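Fold and contact review
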There are 2 protein chains.
Amino acid sequence: MTGSTFKIDQNVRCSACPIRHRAVCAYCEPDEVVQLDAIKSYRTFAAGDTIAMAGDETSKIGSIVSGVATLSRTLPDGRRQMVGLLLPSDFVGRPGRRETPFDVVAATETTLCLFQKRQFEALIASTPSLERRLLDMTLDELDSAREWMLLLGRKTAREKIASLLAIMARRDAALSKATPMDGIRFSLPLTREAMADYLGLTIETVSRQISKLKKERIIVLEDARHIRVPDFISLLNEAGDDSDGGFIA
Amino acid sequence: MTGSTFKIDQNVRCSACPIRHRAVCAYCEPDEVVQLDAIKSYRTFAAGDTIAMAGDETSKIGSIVSGVATLSRTLPDGRRQMVGLLLPSDFVGRPGRRETPFDVVAATETTLCLFQKRQFEALIASTPSLERRLLDMTLDELDSAREWMLLLGRKTAREKIASLLAIMARRDAALSKATPMDGIRFSLPLTREAMADYLGLTIETVSRQISKLKKERIIVLEDARHIRVPDFISLLNEAGDDSDGGFIA
DNA sequence: TTAAGGCCTTGATCAAGATCAATAGGCTGG
DNA sequence: CCAGCCTATTGATCTTGATCAAGGCCTTAA
């Protein structure tokens with residue numbers, strides 16, 4: 001516990017985290033000085049690793065530094081539904097909760113920045129702006145989850161696939177700062193099974209719908225994990241609504 | 001703006017609100033003294049009234065005093081998905097947001113306790129425990145929404161209906177303090193259409209599945225809006241999982 | 001009292017997506 | 001190099017829930 005403090009800047013790697021502001025320090029306002037690194041550690045998981053199981057007691061919480069993790073719930077007979085996709089900067093775990101209610105699984109190699117829950121909670125208690133930030137993030141997640149409910153309950157398989165691709169495309173575009181309106185290329189760091197669990201479909205249906213979109217030239221598969229979208233608008237049209245359906249976590 | 005303060009007690013109607021603690025004052029810790037009534041007003045909506053439309057700018061936020069309201073989202077072609085059921089004590093609107101992202105509609109006659117958003121936000125800023133409480137409530141809602149995603153994505157029509165009935169039964173049981181393990185009777189303040197929108201089904205499927213459960217004696221319909229469950233456990237078995245699936249808002 | 005409209009139920013048919021099954025391609029390790 | 005495994009694709013068939021359609025019941029209003 002060295003207890004040093006550091007200053008966070010919007011676009012500069014902070015002194016303690018190997019990533020940009022929003023990523024690890026999503027909990028702080030820009031330019032705020034917070035004493036965090038004293039209670040911080042890192043851990044990396046391989047693709048497929050279980051980070052936490054539903055019902056686990058957790059002593060740590062943290063955020064995604066790099067990689068993609070998934071949040072899901074499984075019925076006793078094995079049916080599984082993904083309920084969140086965790087991308088860099090997203091939060092894992094709950095301040096104030098004893099158990100994780102969902103399974104957390106690494107979809108790709110994933111590095112987490114972890115805090116001892118108890119210490120993080122103490123930090124929250126003494127830092128109102130941090131709590132503010134958490135509330136804000138949670139409200140965003142809630143909106144995203146509800147948007148996803150619309151997809152799960154009412155969209156066709158084709159619309160579901162198009163929506164997911166649009167989200168992934170947007171995400172990549174946001175990272176690379178390119179405008180998403182002209183042809184874009186992006187990686188799809190999910191297996192067909194993960195997509196199926198995400199969309200409430202079977203892998204066969206996912207595969208078929210992707211093949212169809214490919215045949216119709218709406219998307220171009222460079223390989224199973226890399227996709228190019230010549231005309232983003234026509235992909236959006238297939239998604240069923242004009243909203244950005246910004247499901248992140 | 002009288003600005004008087006009042007003390008809230010867990011089981012006693014508070015001096016300013018016609019309902020019990022958790023109901024209107026879900027934002028306060030029990031026994032906490034808060035200056036709220038200065039900025040408060042009430043409004044009642046008839047069944048079917050639209051309380052707010054998606055995209056509306058809102059100047060007020062508040063909570064449900066009595067009745068049931070729904071939160072939903074509609075696709076351009078009219079497909080609708082309910083994304084939340086708002087019961088007494090639930091929160092309507094967002095501190096810190098300009099627009100409501102979902103339609104809010106009264107399912108029954110509904111009374112809201114409203115605060116000017118600006119003033120409520122100021123209250124939050126000066127009352128850390130209130131923010132804490134909001135974060136807590138939002139996390140609960142997020143868990144519920146995710147639980148509901150499992151239902152929408154992976155459960156059969158029969159399981160969906162059983163899950164909804166179990167939730168409504170539990171809710172009534174909680175209000176009347178009865179143990180939900182023996183025969184219970186409860187009201188179902190939703191039309192078949194609302195249930196369909198809630199569960200991602202059509203009204204015909206809802207009707208058929210309810211008829212089936214009736215024929216199998218798992219439920220007894222006293223009339224279209226009142227149901228008796230002779231054996232709660234057997235209803236739960238039909239719901240597909242043992243979790244309480246506690247979807248509230 | 002009858003007419004009209006809203007809500008619910010039930011039946012017949014249809015289609016989207018699930019299920020079952022076979023095959024192909026890519027990696028990994030021997 | 002090939003065997004074994006994992007992931008993805010594609011085809012054939014089946015099932016669940018949607019769609020289309022008719023009618024019943026209840027409430028409200030003329």
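Residues numbered from 1 in each chain as written. Chains lettered and ligands numbered in written order. Predicted model: local features only at pLDDT ≥ 70, side-chain atom pairs only at ≥ 80, totals over all residues. Heavy atoms only, no water.

Take the relation of the copies chain B and chain A next. In this arrangement, two copies of a chain are superimposed by a rotation about an axis accompanied by a shift along the axis. For the pair chain B and chain A, the best superposition has an RMSD of 0.0 Å and corresponds to a rotation of 180 degrees with a translation of 0.0 Å parallel to the axis. Put plainly, the chains are arranged around a two-fold axis. The overlap is high: 100% of the interface residues of chain B also sit at the interface in chain A, so the same surface is used on both sides. (Least-squares fit on C-alpha atoms with pLDDT ≥ 70 in both. Contact = heavy atoms within 4.5 Å.)

Moving on to a positive patch on the surface. Judged by side-chain charge, Lys212, Lys214, Lys215 and Arg217 of chain A come together as a positively charged surface patch. Relative to the helices and strands, Lys212 of chain A is located in helix α6 (residues 203-215). (Patch = residues over 30% accessible without salt bridge, like charges linked within 9 Å, V, L, I, M, F, W, Y side chains within 5 Å. Areas by Shrake-Rupley, 256 points an atom, 1.4 Å probe, with all protein chains shown as cover. Salt bridge = Lys/Arg side-chain N within 4 Å of Asp/Glu carboxyl O. Lys, Arg positive; Asp, Glu negative; His and termini not counted. Charge placed at Lys NZ, Arg CZ, Asp CG, Glu CD. Helix = DSSP H or I, 4+ residues; strand = E, 2+ residues; numbered from the N terminus.)

The next point concerns helix α6 (residues 203-215) of chain B. Residue and element names in this part refer to chain B. In this model, α6 (13 residues) spans 18 Å end to end at C-alpha, consistent with the 18 Å of a helix rising 1.5 Å per residue. Within α6 the residues assigned to the buried category are Val206, Gln209, Ile210 and Leu213. Each buried residue of α6 lies within a common arc of 100 degrees when the element is viewed along its axis, so the set occupies one face. Facing away from the buried surface of α6 by more than 90 degrees, the exposed residues are Arg208 and Lys215. Two residues or fewer past α6, Arg217 is found with a positive phi of approximately 65 degrees. (Expected span 1.5 Å × (residues − 1). Buried < 20%, exposed > 50% of the residue type's maximum accessible area, 1.4 Å probe, protein only. Arc of directions from axis to C-beta.)

This part is about the protein's contact with DNA strand C. Around DNA strand C, a shell composed of 15 residues is seen, among which Ala157 and Thr205 of chain A together with Arg192, Ser207 and Ser211 of chain B lie nearest. Within the backbone of Ala157 of chain A, one N or O atom sits 2.7 Å away from a phosphate oxygen of DNA strand C. Glu204 of chain A is positioned such that a nitrogen or oxygen atom in its side chain is 3.2 Å from a base nitrogen of DNA strand C. Elements supplying a minimum of two residues to the surface near DNA strand C: α6 of chain A together with α6 of chain B. In terms of residues, the surface near DNA strand C owes the most to one element, α6 of chain B, which gives four residues. Taken together, the residues of the surface near DNA strand C break down into two nonpolar, seven polar and six charged. (Near = heavy atom within 4 Å. Polar contact = N/O pair within 3.5 Å; in protein donor to acceptor, adjacent residues only side chain to side chain. Nonpolar A, V, L, I, M, F, W, Y, C, P; charged D, E, K, R; others polar.)

Right, let's talk about the packing of aromatic side chains for a bit. Residues and elements named next belong to chain A. This model, assessed by the stated rule, comprises two aromatic pairs over all chains. Between the aromatic rings of Trp148 and Tyr198, the centroid separation amounts to 4.5 Å while the plane-to-plane angle is 25 degrees, which identifies the pairing as stacked. With a gap of 50 residues between them, Trp148 in helix α3 (residues 128-154) and Tyr198 in helix α5 (residues 192-199) connect regions that are remote in the sequence. What makes Trp148 buried here is its relative accessible area of 2%. Since its relative accessible area comes to 0%, Tyr198 is described here as buried. (Phe/Tyr/Trp six-rings, centres within 6.5 Å; stacked < 30°, edge-to-face > 60°.)

Taken together, the contacts link 48 residues of chain B with 48 residues of chain A. Taking both partners together, chain B and chain A bury about 4,500 Å²; carbon and sulfur atoms supply 56% of that area. Contact with chain A buries area across many residues of chain B, yet Arg146, Met149 and Arg154 of chain B alone supply 19% of it, more than any other trio. The interface formed by chain B and chain A contains 15 salt bridges. Taken together, the connections running from chain B to chain A amount to 23 residue pairs in polar contact (both at pLDDT 80 or more). Those elements that place two or more of their residues in the side of chain B that touches chain A are β6 (69-74), β7 (80-86), α3 (128-154) and α5 (192-199) of chain B. No other element matches the 21 residues that α3 of chain B contributes to the side of chain B that touches chain A. (Buried area = accessible area lost by both parts, 1.4 Å probe.)

Close contacts around DNA strand D come from 16 residues, with Arg192, Ser207 and Ser211 of chain A together with Ala157 and Thr205 of chain B the closest. Counting only atoms of DNA strand D within 4 Å of the protein, the fraction found in sugar and phosphate groups is 63%. Measuring from a base nitrogen of DNA strand D, one finds a side-chain N or O atom of Glu204 of chain B at 3.2 Å. Counting residues per element, the ones that place at least two in the surface near DNA strand D are α5 and α6 of chain A together with α6 of chain B. The element contributing the most residues to the surface near DNA strand D is α6 of chain A, with four residues.

Another point: the confidence of the model for chain A. Here chain A averages 78 in pLDDT, and 77% of its residues register 70 or above. The low-confidence segment residues 1-35 of chain A, where pLDDT is below 50, has 89 contacts with residues more than four positions distant or belonging to other chains. (pLDDT = per-residue confidence, 0-100.)

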